[in-house]
Protein chains: 2
Amino acid sequence: MKSFITYSEDCHFPIQNLPYGIFSSTDNPNPRGGVAIGELVLDLTLLESEGLLPSNYFSQSNLNLFMSAGKEIWSSVRRQIQELLDENNSSLKDNSELRERAFYCQSEVSMHLPAQIGDYTDFYSSRQHATNVGTMFRDPNNALLPNWLHLPVGYHGRASSVVISGTPVYRPNGQTLPMGEENPVFGPCRLMDFELEMGCFIGPGNELGEPISTENAGDHLFGLVLVNDWSARDIQKWEYVPLGPFGAKNLATSISPWVIPFEALEAFRIDDPIQENPTPLPYLQCEKNWTFDMNLEVKIKSPTMTEPETISESNYKYMYWNLAQQLAHHTITGCNMNPGDMFASGTISGEEAGSYGSMLELAWKGTKPIQLSNGEVRKFIQDGDNIIMTGYAQGDGYRVGFGNVSGKILPAKKQ
Amino acid sequence: MKSFITYSEDCHFPIQNLPYGIFSSTDNPNPRGGVAIGELVLDLTLLESEGLLPSNYFSQSNLNLFMSAGKEIWSSVRRQIQELLDENNSSLKDNSELRERAFYCQSEVSMHLPAQIGDYTDFYSSRQHATNVGTMFRDPNNALLPNWLHLPVGYHGRASSVVISGTPVYRPNGQTLPMGEENPVFGPCRLMDFELEMGCFIGPGNELGEPISTENAGDHLFGLVLVNDWSARDIQKWEYVPLGPFGAKNLATSISPWVIPFEALEAFRIDDPIQENPTPLPYLQCEKNWTFDMNLEVKIKSPTMTEPETISESNYKYMYWNLAQQLAHHTITGCNMNPGDMFASGTISGEEAGSYGSMLELAWKGTKPIQLSNGEVRKFIQDGDNIIMTGYAQGDGYRVGFGNVSGKILPAKKQ
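Thresholds applied
- Residues numbered from 1 in each chain as written.
- Chains lettered and ligands numbered in written order.
- Predicted model: local features only at pLDDT ≥ 70, side-chain atom pairs only at ≥ 80, totals over all residues.
- Heavy atoms only, no water.
- Phe/Tyr/Trp six-rings, centres within 6.5 Å; stacked < 30°, edge-to-face > 60°.
- Buried < 20%, exposed > 50% of the residue type's maximum accessible area, 1.4 Å probe, protein only.
- Lys NZ or Arg CZ within 6 Å of the ring centre and 35° of its normal.
- Helix = DSSP H or I, 4+ residues; strand = E, 2+ residues; numbered from the N terminus.
- Contact = heavy atoms within 4.5 Å.
- Polar contact = N/O pair within 3.5 Å; in protein donor to acceptor, adjacent residues only side chain to side chain.
- Pairing = 2+ DSSP bridges.
- Least-squares fit on C-alpha atoms with pLDDT ≥ 70 in both.
- 1 Å grid on protein atoms, 1.4 Å probe; cavity = no way out; pocket = protein on both sides within 12 Å on 5 of 7 lines; lining within 4 Å.
- Points joined across faces, edges and corners; volume = space filled by probe spheres on them.
- Nonpolar A, V, L, I, M, F, W, Y, C, P; charged D, E, K, R; others polar.

(A) Spatial organisation of the packing of aromatic side chains. Inspection of the entire model under this criterion finds 44 aromatic pairs over all chains. Relative to Phe66 of chain B, the ring of Tyr57 of chain B has its centre 5.5 Å away and its plane inclined at 50 degrees; by these criteria the two rings are tilted. You'll find Tyr57 of chain B and Phe66 of chain B in the same group, each marked buried. Ring-pair connections join several aromatic residues into one group, and the members of that group are Tyr20, Tyr57, Phe58, Phe66, Trp74 and Phe222 of chain A. Seen from the ring of Tyr392 of chain B, Arg399 of chain B lies directly overhead, with NZ or CZ sitting 3.9 Å from the centre.

(B) Spatial organisation of the environment of Arg101 of chain A. Residues and elements named next belong to chain A. Mapping Arg101 onto the fold places it in helix α5 (residues 96-102). Of the residues examined, Arg101 reaches a relative accessible area of 34% and is grouped as partly exposed. Remark: the alpha-carbon pair of Arg101 and Leu44, spanning 57 residues in sequence, is separated by 11 Å. Residues within four places of Arg101 in sequence aside, it is in contact with Leu46 and Glu50. Within polar-contact distance, the side chain of Arg101 engages the side chain of Glu50 at 3.2 Å.

(C) Structural detail: the pairing of strand β13 (residues 196-202) of chain A. All names here are of chain A. Most of β13 sits inside the fold, with 7 of its 7 residues counted as buried. Here β13 shows no split at all, with Leu196, Met198, Cys200 and Ile202 on one side and Glu197, Gly199 and Phe201 on the other all buried. Inspection of the sheet shows β13 paired to strand β14 (residues 221-228) by 7 bridges, in the antiparallel sense. Residue Ile202 lies in a different strand from β14, and its bridge partner there is Leu221.

(D) The arrangement of the relation of the copies chain A and chain B in detail. Note on the identical chains: chain A maps onto chain B by a rotation of 180 degrees and an axial translation of 0.0 Å, with an RMSD of 0.0 Å. The two molecules are tied by a two-fold rotation axis, judged by turn and shift. Using C-alpha coordinates, one finds that chain A approaches the rotation axis most closely at Gly244 of chain A, a distance of 2.2 Å. The overlap is high: 100% of the interface residues of chain A also sit at the interface in chain B, so the same surface is used on both sides.

(E) Structural detail: the layout of surface pockets. Empty space within the largest pocket amounts to approximately 1,100 Å³. If you go around the largest pocket, you meet 38 residues; those closest to its centre are Gln116 and Gly118 of chain A together with Gln116, Ile117 and Gly118 of chain B. Taken together, the elements giving at least two residues each to the lining of the largest pocket come down to β8 (162-164) of chain A together with α2 (64-69) and β8 (162-164) of chain B. Here the element with the most residues in the lining of the largest pocket is β8 of chain B; it accounts for 3 residues. Partitioned by chemical class, the residues of the lining of the largest pocket number 17 nonpolar, 17 polar and 4 charged.

This is the structure in C-alpha cells:
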C-alpha cells in the first residue's frame, strides 16, 4: 500500500496509519475532522462536501459522533480514505484544484482536543510501575498491594483539565507536608513530575447497569493517543489518603492530537502477559489479545538545550491489565460509558531503569538524579522544561506513530 | 410575598423558593426549563416565547447555559419570575388562556437531569461522618486522618452515572474479599448503602491555571440539590486502596430534580463552624458564611411497607468544610470548572446516632441493626427497598425545600 503523498520511512503518518484529529486552519478557523498523512492533514469535511466521502461525521468540533458510529462505520470510512490516498486512485491525486484545498501542512494548522471527553479514567496497569512505587513508599518485599493482581486498579480523573499537546502547564500551588512536620505549608509544588501513559477513546457506550464483557470490548474501543498525566508528587502524597489523587492530578493532563484507530494497530497486536498466580476472576479473563508492541519515549528539553534529550524508552507492551479487562472491570458494577470517554493506562514502566515512565522512578525518589548531556541534573521537572513524549509501532518499512505530546512547565503563579 | 398559586405552609415550593429544573410533558416531549411553584411546574419556555420573560435560556435540554450566565442574570430572571407569580401581578394571573398552557402538575411531568454534568466531584466534608468511618475502620482515638482538618478531602466521581430521582438502581456485581480470605470472589454486593449528601451546581467556570478564591466563590456557585451517593461497601473496601473509590460508587448517583438557587437560601445562611486547632491555611479561610440550616431526612420504604419510614434526620449545617472552601481547594492547583459541574458534599452526619447519613453508620457496621416499625430489621439495603431523601429550610410560615430524591434497589443481574 502506497500513497501519492510522499513521506520518509520513519514518518509516523503513512497510509497504514491514518489517525483522526480535530484541526483548524488560518483560512478556516472552524475546528473540524482531518486525518494525518505524511506531513500533511487531509481535510475530511472537504471530502464529505465534495461527495468523495459518503459520511457526515467530520463537520464537528469533536470526533464524538464518529466515535459513536461503531466498528463497521469506522472500517468503511477508513477504507474509503485509504483508497482516496492510494497512489493508484486518481480521484483526489489527479484533481489538482481539489488537492490544493484538501491538504494542509501539519506545521501550519492548530490542533484541538479530538473529543469532548465526558469522563476520564486513569488506570494503574503497569506492574513494574506499581512495583516501583510500592518499593519506594512501602515495602520492597510486598510492593504490590493485595488487590493489584486481582483487578485493574483505577480512579476517576478530571475531564475538564485534559488539554491538547503544546498547552503550557503552570507549576501548581498547593498544600504539602514538609518532612517531619505536623502542619502543612502552602506554596509551589517542588516535586513536579510527568507520567508516560497511553490513552484510549471509547466508541459506542453501554446503558447504566449493563456491563461490557471482555469479549465485546472491541466493539467499544475507538483508538489510542499518548498521555502525559502531570503529577505534583508532594501535593499527592499529602492529599491522597484515603480517597485517591485529586489536586495533584487535576492541574492538567496532556494528550497527543492524533487518535490512531485500532485497525491501524492490528499488525502490532502481540500476546497478552500471562496472568497466573493469581488467575483473574472469569469476568476479567480475555480470549483475544489486547497488548500492542509500540515503542514509547520520553524526552526533555530544558531551556538551555537546543535539542530534546531522551530520558526514558518504554513500550506499551509493558501492561499487565489490558484495555478489554479495564473496560470489563469499569463497567462490571454497572457504570455506563459514553462515546468520547477516555481511559489512560497509568504510567508505563518497563523492567529496566531506563524504561521507567516517570521522573519519580527514573531518579528513584530523588536518590539517583538524572544526568543530562549538557551537565544539568534532574530529580524532578524544573520550570522551563519541555517534556515531549513520542511513540510508534515499527512495521516492515513503515511506522505507525502518534507524533508527540509535549508540554512546558511554567513557573507557579503568585497567589 | 404571596403567589396567586396556592399551596400549604409545608409545601417545598413556595414563591420564596422557585427552584429550576428540566421537565418534559406528554403534550411536549422536549425537555425544557421550568420552575416549581406549589404543586405545579411553570413552563419557562412559554414565558420566553410570549415575551413575558426577556431571556433565552430555557429552550434547552439542560440548564448549563443559564448556569453559565452568572449572578446578575440569575437574580434578574428570578425577580421577573417572582413578579409574574405574585398575587398582585395580573399579566399571568388574569390571562386564563396562558395560565392553562403555562402550568403543569408536577405529578404529570417527567423530570430530567438539570444539567449536562461535565465533571462530578465528591467531597468528604462532614466531620462526624469522617470520624465515624475512622472509628469503625481504624482507630477511635485517631479517627480523623492527618490531612482531614487541613483540607477538604475529595475525589473525582463519575459524571456519566449521575441519574435523576426515581431511576431504579441495580444492585451491582463485583469483586469482594471475604473476611479472612486471600482471594476475592465475584457476585452481587452484599453491603449496599446510601449516602445522604447535598450537591452544588457550578455556574461560570474558571480558566485552567486560574484558581478561584473563597472570596469570589459566590460568583461561581449556582444552586443546590439532594444527592444519594449509592455505595457498595464491600466492593469499596477491597478496591479503594490506594487510588480511592471506583466501581463501588460509579454504579449510580441519584440527584433530586429541582435546583434551589442560593438567593432562595439567603435567609437560612448561618455561621460557619469554628475552625481552630488547626486554623486552615490562608487560601482556605473564608469571610462570608457558606453554611445553611436545612433539615435533611432519609426514609426507607421496603416492599412490605405502605408508607416510608424515617431512619435518619440530619442537617446541612453539619458540614465542616463549606462550598467556598471546597471550590478554592479544588481550583488551587489550577483545575478548571465548567458550568454544570457538580460538587457533592460527602455524607452528612450529625452528632447523634439518629442523624447519621449512611446505613454503615446508622447500623454501625452491622453491629446495631436498624429496627423498622413493621418488624423488619436492616443492616444494609435489601432488594426492593426504596430510599427516599428529602430536605427543606424552615422559614416563617413557609419552607424552601427540595422535594425528594428517591431510588429503588433492584436485584443484581445475572452475569
